[in-house]
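So you can see what is in the structure, the chains are spelled out below.
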Number of protein chains: 2
Amino acid sequence: MKKVFASIITIGDELLIGQVIDTNSAWIAKELNKIGISVKHRVAVGDVWEDIWYSLDEESKHADIILLTGGLGPTADDITKPLLCEYFGGRMVIHQPTLDFVTHLFEQVLQRPMIERNKKQAEVPDICTVLLNEKGTAPGMLFEKEGKIYISMPGVPGEMKWITENHVIPIIKHKFQVGFIEHRTLLTAGIGESFLAEKIKDFEARIPSNLKLAYLPNYGMVRLRLTGFGNQLKELNHTLNEQFEELKLEVIDFLVTDKDLPLEAVVGNLLKGKNQTIATAESCTGGYIAHLLTSIPGSSAYFTGSVVSYSNTIKEEILHVNPLTINQFGAVSMETVTEMAGNILELMNTDYAVAVSGIMGPDGGSKEKPTGLVWIAVASKSKISVKQFNFRYDRSRNIHATATNALNLIRQLIVDNS
Amino acid sequence: MKKVFASIITIGDELLIGQVIDTNSAWIAKELNKIGISVKHRVAVGDVWEDIWYSLDEESKHADIILLTGGLGPTADDITKPLLCEYFGGRMVIHQPTLDFVTHLFEQVLQRPMIERNKKQAEVPDICTVLLNEKGTAPGMLFEKEGKIYISMPGVPGEMKWITENHVIPIIKHKFQVGFIEHRTLLTAGIGESFLAEKIKDFEARIPSNLKLAYLPNYGMVRLRLTGFGNQLKELNHTLNEQFEELKLEVIDFLVTDKDLPLEAVVGNLLKGKNQTIATAESCTGGYIAHLLTSIPGSSAYFTGSVVSYSNTIKEEILHVNPLTINQFGAVSMETVTEMAGNILELMNTDYAVAVSGIMGPDGGSKEKPTGLVWIAVASKSKISVKQFNFRYDRSRNIHATATNALNLIRQLIVDNS
């Protein structure tokens, strides 16, 4: 099997000073993987002429496909387009279809006057194939050199994604005859990475050489990914399925899902399958659990709503927690969170509810109730259970860890109720 | 000024198949920048022996400091440690302080039995300086070769951050005499990137050569970053401040903040300064605005709570929206969102409130109310104003765009009320 390799070059000073987090590369890598292309390298460089030039030289040594994002804007710090023009030895010309589209965009959609600078967006090197961008003003550009292809796209995620889906993937599929890469992923809870590795070490030792196992730990849950490479899709899938079934049996006591889904989608699917509903009452997570649940398309079928009760007044007045409970045990307590869960269930008339209260830090902790202390209660119509956690992260990760564990507890409750 | 360059190598197949998004690099880059180190390159490679080896060779050509994260776990796919041992020509030995710490961690903190695999975590190449990791079992390792330093850290963000702050930054500061890099950042709203660039092109043309301006557009807002390099911190700050004041004046009509703060922190600071409070009523954002507001430490001083009313029943029963309003105009309408804002203000007894309702997609749109249609209402005790938006992104970005614009509208209302 001839393996085809891709490199991704992301361009922009903001990536090197840490001002933005690169989400484009991960998305592109996933899409390329689906069609059997391995990403060998991902590089981030600044808006610096010689650094971009060098990375083009360097990446073309190892990859068949070089994808670039960023640096195509209308401002002076965007140098990718003139650089590519020089790198591939072309000259700049107006691309009429792009100019027509940009004009249309300004006149009809944005309804703003178009300035000279915007027209510049329609200039492209004459030696490239233009990949029209229906989502913005900067078109994609395809260059070919010595059997390798180079594709430049804007860094704006929505535009990059549209060009990738509508141009890049079809072009690559057409140009390269590639083998297949397939993944199977499962999620476990309740077992640490080392113990899991110990448990499945015999399995790991005997998997075929075209398969690879990876561990991805995350807030007390571990995702296991089995990756296979092969020329024959059917044969590859057969081997992979067989091995994956074995792996599932090995970890059956800890198995959350055998799909590559986020936990919020697992919970959503369980609820949708049973035609049941959920609501959340959140103190310390400030709406993050509701956000995760509603990030899934179609979640309105099972997610009713949430009360984010950051202040105690709201806990009492909207969630009807007994003021005496808060007074006696505090807002971060088993007693308060139990009332929150029971009351939101009733208030929103749902089948399930989850409630959280804790101290996320950096301030607000005490000797008795340190930062990271969290109470989580999950409720169904017949049962409320509550659990204490002690996280040791920073604020942002404490919020993530609380949400992850809350979703896992509610998942367990739904499964137990079946 | 001798410039010192760093490269960041992130290791892990999960980074190349798009399963996880790399947030470590951005964080590290920011920390290095603060002490005057420029990150020239960021590379992601898989758990592949020759690829990691090659990237070590390659990055050491261009950088003085090479930072590696990932691949230090206790499982078979983690090969960074033996590789570094071979690369720098050492042999593996037990590091007693690490073994003591890991033992303590298992016995006292985790209260779980320790297995042989965990003890392996205390093995290190004998030619490295061990950087103790108080947040986990895998220590950091420092290697030196031909005047360059190589530091390997675990990929778990909390552990990597702790080692960076407690070992890496002090070591680099001590070892390298570097110049200074300083940034000034401001945020604008209400003007597109091209128009902004046109507006400040004269300013951009005349800034000193040791300064650099960058545009960072994001959901209709544009962040401008002015970066300066210099040997004398005082002189550099003087120049930078002077130029930044000029830039502020150029964009004064569109200026949101002259600090490098997220919008939710800008809103938070305004409220804290006036001792006022806010609540949110969220339909389509599903709690995301509340999550953003509460991601800021100390937000309980001004954020009271939120009602996430995903279902119409909750809009009616908890938010007391008139059922006739929803019946006549629909849940996504000026009328409904106006009632939501007014009612949450009253319900939570706050000074300000924001309410949103819209269609985030991919499903749920119609010809009259297409995906991306959003109504946002902001309310104070004396005024409610409402605005329509039409976003053209995917679900996730529509949610982000809605939240960003909601925060900006509430910011404007607070500022206008001053």
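Parameters and conventions
- Residue positions are counted from 1 within each chain, in the order its sequence is given.
- All chains are assigned letters beginning with A, and all ligands numbers beginning with 1, in the order in which they are written.
- The predicted nature of this model means local features are confined to residues of pLDDT at least 70 and side-chain atom pairs, given and counted, to a pLDDT of 80 or more, with totals for whole chains, interfaces and linings taken over all residues.
- By convention in this description, side-chain values take in all heavy atoms of the structure and omit both hydrogens and water.
- Comment: elements are numbered from the N terminus, with helices defined as DSSP H or I runs of at least four residues and strands as E runs of at least two.
- Note on classification: 1.4 Å probe, protein chains only; a residue is buried when its accessible area is under 20% of the maximum for its type, exposed when over 50%, partly exposed between these limits.
- Residue contacts are defined here by distance: any two heavy atoms, one from each residue, within 4.5 Å place the two residues in contact.
- For helices, the fitted axis covers only the stretch in contact; all axes are lines through C-alpha atoms, and the angles between them, taken along N-to-C directions, range from 0 to 180 degrees.
- We call two directions roughly parallel when the angle between them is under 35 degrees, roughly antiparallel when it is over 145, roughly perpendicular when it lies between 65 and 115, and oblique otherwise.
- Each crossing gets its hand from how the near helix is turned against the far one by less than a right angle, where anticlockwise is left-handed and clockwise is right-handed.
- Between any two strands, pairing holds if DSSP finds at least two bridges.
- The quantity reported as buried area is the accessible area (1.4 Å probe) lost by two parts once they are put together, taken as the sum for both.
- Definition used for salt bridges: Asp or Glu carboxyl oxygen within 4 Å of a side-chain nitrogen of Lys or Arg.
- The residue classification treats Ala, Val, Leu, Ile, Met, Phe, Trp, Tyr, Cys and Pro as nonpolar and Asp, Glu, Lys and Arg as charged. All others, Gly included, are polar.
- A least-squares fit on C-alpha atoms brings the copies together, and the residues used are those whose pLDDT is at least 70 in both copies.
- Here, nonpolar core means buried Ala, Val, Leu, Ile, Met, Phe, Trp, Tyr and Cys residues that are tied together by side-chain atoms lying within 4.5 Å of each other.
- For Phe, Tyr and Trp, where Trp contributes only its six-membered ring, two rings pair if their centres lie within 6.5 Å, and the inter-plane angle classes them as stacked under 30 degrees, edge-to-face over 60, or tilted in between.
- Only Lys NZ and Arg CZ are tested; either one counts as a charge over a ring when it is within 6 Å of the ring centre and within 35 degrees of the ring normal.
- Our working definition of a disulfide is a cysteine sulfur pair at a distance within 2.5 Å.

Looking now at the overall build of chain A. Assigned secondary structure in chain A consists of 16 helices and 17 strands. C-alpha atoms of chain A, sized along the principal axes, occupy 75 × 60 × 40 Å. In chain A, which comprises 418 residues, the share counted as buried stands at 60%. Long-range pairs, those at least 24 residues apart, make up 67% of the contacts in chain A with a sequence separation of at least 6.

Residues and elements named next belong to chain B. Interhelical geometry of helix H3 (residues 49–62) versus helix H4 (residues 80–87) gives an angle of 50 degrees and a closest axis separation of 10 Å. Classed by the angle they form, the pair H3 and H4 counts as oblique. Helix-helix and strand crossings are classified by hand; for H3 and H4 the assignment is right-handed. Taken together, the residues of H4 that come into contact with H3 (itself represented by Trp49, Ile52, Trp53, Leu56, Asp57 and Ser60) are Pro82, Leu83, Leu84, Glu86 and Tyr87.

Residues and elements named next belong to chain B. Of all 10 residues in strand E9 (residues 180–189), 7 are buried, a share of seventy percent or more. Where E9 lies against strand E11 (residues 221–230), 10 bridges are found, and the strand directions are antiparallel. In the strand pairing of E11, Arg184 is matched with Leu226. Across 2 bridges, the pairing between E9 and strand E12 (residues 255–257) is antiparallel. Each bridged residue has a counterpart across the sheet, and for Thr188 the counterpart in E12 is Leu255.

Read across the sheet, 10 strands follow the order E17(A)-E16(A)-E15(A)-E13(A)-E14(A)-E14(B)-E13(B)-E15(B)-E16(B)-E17(B) without closing on themselves; strand pairing throughout is mixed. Single-partner strands in this sheet number two, and they are strand E17 (384–390) of chain A together with strand E17 (384–390) of chain B. Here the average twist between neighbouring strands, direction ignored, is 15 degrees. Running over the sheet, helix H15 (residues 334–348) of chain A touches strand E13 (278–282), strand E14 (303–309), strand E15 (352–358), strand E16 (373–380) and E17 of chain A together with strand E14 (303–309) of chain B and is turned about 145 degrees from E15(A). With respect to the sheet, helix H16 (residues 395–416) of chain B is in contact with strand E13 (278–282), strand E15 (352–358), strand E16 (373–380) and E17 of chain B, its orientation differing from that of E16(B) by roughly 25 degrees.

Contacts between the two partners involve 98 residues from chain A and, on the opposite side, 98 residues from chain B. Surface buried jointly by chain A and chain B totals about 7700 Å² across both partners, of which 56% is contributed by carbon and sulfur atoms. Our count for the chain A to chain B interface comes out at 8 salt bridges. In this structure, Asp51(A) and Lys40(B) form a salt bridge, with 3.1 Å as the shortest nitrogen-oxygen distance. Tallied by class, residues from the side of chain A that touches chain B come to 42 nonpolar, 27 polar and 29 charged. Relative to E14(B), E14(A) runs antiparallel, the two sharing 5 bridges. Each bridged residue has a counterpart across the sheet, and for Val308(A) the counterpart in E14(B) is Ser306(B).

Okay, the relation of the copies chain A and chain B next. The transform that puts chain A on chain B rotates by 180 degrees and translates by 0.1 Å along the axis, for an RMSD of 0.1 Å. Both chain copies can therefore be described as sitting about a two-fold axis. The overlap is high: 99% of the interface residues of chain A also sit at the interface in chain B, so the same surface is used on both sides.

As a further point, take the nonpolar core. Ile344(A) and Ile344(B) are the most contacted members of the largest nonpolar core, which has 44 residues in total. Among the secondary structure elements, those contributing two or more residues to this core are E13, H15, E15 and E16 of chain A together with E13, helix H15 (334–348), E15 and E16 of chain B. Those residues in contact with Ile344(A), other than ones at most four positions away along the chain, are Ala279(A), Thr280(A), Ala281(A), Val307(A), Leu319(A), Asn349(A) and Ala353(A). Counting 40 residues, the second-largest nonpolar core is a separate cluster that includes Leu263(B), Ile289(B), Phe303(B) and Tyr352(B).

The tally for this structure, following the rule as stated, stands at 17 aromatic pairs over all chains. On the numbers, 5.5 Å between centres and 15 degrees between planes, the contact of Phe389(B) with Phe391(B) is stacked. Grouping residues by exposure puts Phe389(B) and Phe391(B) together as buried. One aromatic cluster is present, built from ring pairs that chain together Trp49(A), Trp53(A), Tyr87(A), Phe88(A), Phe143(A) and Tyr150(A). Positioned above the aromatic ring of Phe5(B) is the side chain of Lys40(B), whose terminal nitrogen or guanidinium carbon lies 4.6 Å from the ring centre.

Turning our attention to the state of the cysteines. A covalent bond between the sulfur atoms of two cysteines is what we call a disulfide. Residues and elements named next belong to chain A. Summed over the entire model, instances satisfying the criterion amount to 0 disulfides over all chains. Here Cys128 stays free of any disulfide, with the sulfur of Cys85 as its closest cysteine sulfur at 8.4 Å. Taking relative accessible area as the criterion, Cys128 reaches 12% and is therefore assigned buried.

Now for the sheet that holds strand E11 (residues 221–230) of chain A. Strands in a sheet are paired, the pairing made by backbone hydrogen bonds, and the direction either parallel or antiparallel. All names here are of chain A. The 4 strands lie next to each other as E10-E11-E9-E12, forming an open sheet whose pairing is antiparallel. Two strands in the sheet have a free side with no partner beyond their single neighbour: strand E10 (211–218) and strand E12 (255–257). Averaged over all adjacent pairs, the angle separating strand axes in this sheet is 30 degrees, with direction ignored. Relative to the sheet, helix H16 (residues 395–416) contacts strand E9 (180–189), E11 and E12, its axis offset from that of E12 by approximately 100 degrees.

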